[in-house]
Amino acid sequence: MRFTAMLNSILLVSTVTTFHVTKGAAAYALSLAEHFGANISALILDLPGAVAMTDDGPQNVETTDISMAFKHATDDIRGEADRRGLSLFSIDSWSRALGVLAAVTDLARLHDAVIMGCDPTGMLSEQGIAEHVMFEAGRPLFLIPADHREPFAAKRVALAWDNSPSSARALGAAMPLLLDAETVTLIQIGGEKDIASTLIDLDIAEYLQRRRLNAEIIHRVRGKSSVGDALLAVALEHSADLLVMGGYGHSRLREFLLGGVTRRMFDGAPMPLMLVH
């Protein structure tokens, strides 16, 4: 079974101030759809009160500029989709009755996966929307760095594993994708808490091998680093194209108070992430 069996429809969510057709979430979504032959829906949010980052710091964006930026963004995404022969539906209108977060989340639930960036600026930031979507939509969220220009790839996949329900859900959601990977690296970071499990590495490895995965398990003591930083370091060492992980393993309030791995990823991971709650 290939990932196409579970990824037929993807939702790209961007804002007029973060959209760029040749990099970040939009470029990744186009590449992902092209790779798997998926349909793509594009939701470009023309939010009032948008803030753009300039050399002089954050600046409010005028309403006329937002309208023009929205037109340019929709024209760009449609043009690039046509050039690639992709089926694209541009969501030009959406219900504002219950607010932006509810509208985006409801749309996300109708798709197989959501592609977003994580810009923190603005009254209602892309980062804030992405966090809500990950927590509420019940769909995998691909979080893409703003300057990422590489096409979609999942030949070398890293997966955060701490034997928690969220990491198990992430493994299950990513499994069809992992079947096409050349290498799969399960990363266990110690030093913060013991990973309680009745399984040893051999048990896990044998299970993954039965699924025809070329997998290895890496243990790393975090030392003075945070768990998130240690996790990213191992993924980078193994040249991972994609890092898969469960999101918000603790309650959302506890994550907010204590920080956590998910918070570190939302604050800026250097590679594409697939987050599953």
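Everything that follows concerns the structure shown earlier in this document.
What this report covers is the structure whose coordinates are included nearby. What you see is a predicted model; the values in this text were computed from it and never measured.

## Thoughts on the overall build of the protein
- Check the secondary structure of the protein and you find 9 helices and 12 strands.
- Once local pairs closer than 6 in sequence are excluded, the contacts in the protein between residues at least 24 apart make up 78%.
- Carbon and sulfur atoms make up 52% of the accessible area of the protein, which totals about 13300 Å².

## Focus on the pattern of salt bridges
- Evaluated as defined, the whole model comprises 9 salt bridges.
- A salt bridge links D241 to R156; its shortest N-O distance comes to 3.2 Å. In this pair, D241 is assigned in the loop between α7 (227-237) and β11 (242-246) and R156 in strand β8 (residues 156-160), connecting sequence segments 85 residues apart.
- Look at the salt bridges and you will find they share partners, linking E34, E80, R83 and R84 into a network.

## Examining the environment of E131
- Within the secondary structure, E131 sits in helix α4 (residues 126-136).
- With 135 residues separating them in the primary sequence, E131 and F266 have C-alpha atoms 7.9 Å apart.

## Comments concerning the layout of surface pockets
- The volume enclosed by the second largest pocket comes to roughly 440 Å³.
- As for the second largest pocket, its lining consists of 27 residues, and the residues nearest its centre are C118, D119, I144, P145 and A146.
- Elements that contribute at least two residues to the lining of the second largest pocket include exactly α1 (24-36), α4 and α9 (261-266).
- Ranked by residues supplied to the lining of the second largest pocket, first place goes to α1 with 3 residues.
- Of the residues belonging to the lining of the second largest pocket, the class tally is 14 nonpolar, 8 polar and 5 charged.

## So, the nonpolar core
- Counting 50 residues, the largest nonpolar core has I10, I115 and L178 as the members making the most contacts within it.
- With 8 residues, α1 is the single largest residue contributor to this core.
- Membership of the second largest hydrophobic core comes to 42 residues, among which are A108, V114, V133 and I218.

## Considerations on the sheet that holds strand β2 (residues 39-45)
- Read from one edge to the other, the open sheet built from 10 strands follows the order β5-β2-β1-β6-β7-β12-β11-β8-β9-β10, with strand pairing classed as mixed. Edge positions in the open sheet fall to β5 (88-90) and β10 (215-221), since each of these has one partner strand only. With direction set aside, neighbouring strand axes in the sheet form an average angle of 25°.
- Pairing geometry for β8 and strand β9 (residues 183-190), over 5 bridges, is parallel. Following the sheet pairing, V157 is matched in β9 by V184.
- Of the strands in this sheet, β1 (9-15), β2, β6 (113-116), β7 (141-143) and β12 (273-276) touch α4, which is tilted by about 165° from β6.

Reading the values: rules and limits
Residues numbered from 1 in each chain as written. Predicted model: local features only at pLDDT ≥ 70, side-chain atom pairs only at ≥ 80, totals over all residues. Heavy atoms only, no water. Helix = DSSP H or I, 4+ residues; strand = E, 2+ residues; numbered from the N terminus. Contact = heavy atoms within 4.5 Å. Areas by Shrake-Rupley, 256 points an atom, 1.4 Å probe, with all protein chains shown as cover. Salt bridge = Lys/Arg side-chain N within 4 Å of Asp/Glu carboxyl O. 1 Å grid on protein atoms, 1.4 Å probe; cavity = no way out; pocket = protein on both sides within 12 Å on 5 of 7 lines; lining within 4 Å. Points joined across faces, edges and corners; volume = space filled by probe spheres on them. Nonpolar A, V, L, I, M, F, W, Y, C, P; charged D, E, K, R; others polar. Core = buried A, V, L, I, M, F, W, Y, C linked by side-chain atoms within 4.5 Å. Buried < 20%, exposed > 50% of the residue type's maximum accessible area, 1.4 Å probe, protein only. Pairing = 2+ DSSP bridges. Axes fitted to C-alpha atoms, helices over the stretch in contact; angles between N-to-C directions.

By themselves these figures say nothing about function.
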